[in-house]
Amino acid sequence: MDVVEAALRDSFNDIIMPGLLGGAASQVGAIRYNGLKFGTTVTPLWKGGFKRLTKDFPRLTPTEYSTSGSTSLHKGVLDLVTMVTSQALQVADRTGTYPECVLVVLSDGKNRQPPFDAAEVLKVTETLHPELFTLVFISFETSEIVDAKEVARSLGFRDVLESKGKPGETPEQQQKRFRNVMKVFSEQLVKRVSVSRVGTSSGKVDPNQSTGFFDQP
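The paragraphs below set out a description of the structure included in this document. In this text the structure is predicted, and so the values were computed from the model without any measurement. (Residues numbered from 1 in each chain as written. Predicted model: local features only at pLDDT ≥ 70, side-chain atom pairs only at ≥ 80, totals over all residues. Heavy atoms only, no water.)

Observations regarding the sheet that holds strand 7 (residues 159-163)
Where we set the bar: A pair of strands is considered paired only if DSSP assigns at least 2 bridges between the two. A helix here means a DSSP run of H or I that spans at least four residues, while a strand means a run of E at least two residues long, and both kinds are numbered starting from the N terminus. Angular values range over 0 to 180 degrees, each being the angle between N-to-C directions of two axes fitted as lines to C-alpha atoms, with helices fitted over their stretch in contact. Residue contacts are defined here by distance: any two heavy atoms, one from each residue, within 4.5 Å place the two residues in contact.
Pairing is parallel in the open sheet, where three strands are placed in the order 5-6-7. The sheet is open, and its two edges are formed by strand 5 (101-107) and strand 7, each paired on a single side. On average, each strand axis in the sheet is tilted by 15 degrees relative to the strand beside it, whichever way the strands run. In this sheet, strand 6 (residues 133-140) lies alongside strand 5 in parallel orientation, the contact comprising seven bridges. Each residue of the ladder has a partner; that of valine 105, found in strand 6, is phenylalanine 137. Set on the sheet, helix 3 (residues 73-95) makes contact with strand 5 and strand 6; between it and strand 5 the angle comes to about 160 degrees.

Quick word on the packing of helix 1 (residues 5-21) against helix 6 (residues 171-194)
Inclusion rule: Orientation is classified from the angle alone, with under 35 degrees giving roughly parallel, over 145 giving roughly antiparallel, 65 to 115 giving roughly perpendicular, and any other angle giving oblique. It is the rotation of the near helix from the far one that decides the hand of a crossing: anticlockwise by less than a right angle makes it left-handed, clockwise makes it right-handed. Gly counts as polar in this scheme, as do all residues outside two lists: the nonpolar Ala, Val, Leu, Ile, Met, Phe, Trp, Tyr, Cys and Pro, and the charged Asp, Glu, Lys and Arg.
It is at 9 Å that the axes of helix 1 and helix 6 come closest, and there the two elements cross at 25 degrees. As far as their axial angle goes, helix 6 and helix 1 are roughly parallel. For the element pair helix 1 and helix 6, the recorded crossing hand is right-handed. For the pair formed by helix 1 and helix 6, the contact residues are Ala7, Leu8, Asp10, Ser11, Asp14, Ile15, Ile16, Gly19 and Leu20 on the first element and Gln175, Phe178, Arg179, Met182, Lys183, Phe185, Ser186, Leu189, Val190 and Val193 on the second. Within the contact of helix 1 with helix 6, the residues separate by chemical class into 11 nonpolar, four polar and four charged.

Section: the pairing of strand 5
Threshold: Three labels apply to residues, based on accessible area from a 1.4 Å probe with only protein chains included: buried if under 20% of the type maximum, exposed if over 50%, partly exposed otherwise in between. The handedness of a crossover follows from its direction of travel: if, with the strands pointing away from the viewer, the path from the first strand over the helix to the second runs clockwise, the crossover is right-handed.
Of the two faces of strand 5, the one lined by Cys101, Leu103, Val105 and Ser107 is fully buried and the one lined by Val102, Val104 and Leu106 carries no buried residue. The β-α-β motif built from strand 5, the intervening helix 4 (residues 118-125) and the parallel element strand 6 has right-handed crossover chirality.

Digging into helix 4
Inclusion rule: Of all possible arcs, the one meant is that of the directions from the helix axis to the C-beta atoms. Throughout this description, a polar contact denotes any pair of N or O atoms lying within 3.5 Å of each other; where both atoms belong to protein, one of them has to be capable of donating a hydrogen while the other can accept it, and for residues adjacent in sequence the pair is counted only when both atoms sit in side chains.
For helix 4, the set of buried residues is Ala118, Val121 and Thr125. Viewed end-on, helix 4 has its buried residues packed into an arc of 60 degrees, placing them on one side of the element. Next to the buried residues of helix 4 lie helix 3, strand 6 and helix 5 (148-154). Regarding helix 4, its N-cap is aspartate 117, as a side-chain oxygen of that residue lies 2.9 Å from the backbone nitrogen of alanine 119 further along.

Regarding the pattern of salt bridges
Pairs can form between side chains of opposite charge whenever their charged atoms are close. Inclusion rule: Only one rule defines a salt bridge in this text: a Lys or Arg side-chain nitrogen within 4 Å of an Asp or Glu carboxyl oxygen.
Across all of its chains, the model carries six salt bridges by this definition. The shortest N-O distance in the salt bridge between arginine 192 and glutamate 100 comes to 3.2 Å. Note that arginine 192 is positioned in helix 6 and glutamate 100 in the loop between helix 3 and strand 5, a separation of 92 residues in sequence. For arginine 192, a relative accessible area of 5% corresponds to the buried category. As a salt-bridge pair, lysine 123 and glutamate 120 come within 3.2 Å of each other at their nearest N and O atoms. Placement of both lysine 123 and glutamate 120 in helix 4 is noted, with a separation of three residues, approximately one turn of the helix.

Section: the nonpolar core
Formally: Nine residue types can take part in a nonpolar core, namely buried Ala, Val, Leu, Ile, Met, Phe, Trp, Tyr and Cys, and a core is a set of them joined through side-chain atoms within 4.5 Å.
By size, the foremost hydrophobic cluster in this structure holds 28 residues, and its most contacted members are Met17, Leu20, Ile138 and Phe185. Of all elements in the fold, only helix 1, strand 6 and helix 6 reach the threshold of two or more residues within this core. Beyond its immediate sequence surroundings of up to four residues, isoleucine 138 is in contact with Val104, Val105, Leu106, Ser107, Leu161, Val181, Met182, Phe185 and Phe214. Judged by nonpolar contacts, the second largest core, of 23 residues, contains Val42, Val105, Leu135 and Ala152.

Structural notes on the packing of helix 3 against helix 4
It is the contact of helix 3 with helix 4, at a shortest axis distance of 10 Å, that shows an interaxial angle of 15 degrees. Considering the angle they form, helix 3 stands roughly parallel to helix 4. Helix-helix and strand crossings are classified by hand; for helix 3 and helix 4 the assignment is left-handed. The residues of helix 4 that touch helix 3, namely those facing His74, Val77, Leu78 and Val81, are Ala118, Val121, Val124 and Thr125. Split by residue class, the contact of helix 3 with helix 4 holds six nonpolar, two polar and no charged.

Here it is in structure tokens:
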């Protein structure tokens, strides 16, 4: 993932956050965000918990995000769910309404740290109500060749966007490809947070069926 490390930071700073700020004005003030990086250990991207979306959002720098160590994918997902659901409960306690949440994982490899059983992670993610939680998995293919859709679905992620490499691709081409993927994600994220999904689900979740995150009109 190190080949796209700078591209990920730039995409967050220059594509995703400006896109959200330019989205539905009625939604911007209600958006909160936070993040984790999952190398050998799982650590927060920013101190102080969830941030309110403003034009002065904290930018990602090499201090906050750099790739190193062995991928703790499963632990990262579990900690992500804990972090987001805890925040959602706090919001519900204050307002009486549960917020709609988008959980996003970006990974280029297999899980390399305990816990190793994806089924244990799935037991946690499958408890998340589909109307309130959208789980998105973005895979970036580097030297670690994996079946991204299988990895994502084994962890309970239904919306998957793959970025597959081509033979002979240069690091610069990989970065450009990744940046294009992040543009697609940003556009769909803006649409997702602008339209409520409450009342749209039957309550039955097919782990092999996308929620339509990446093919919204």
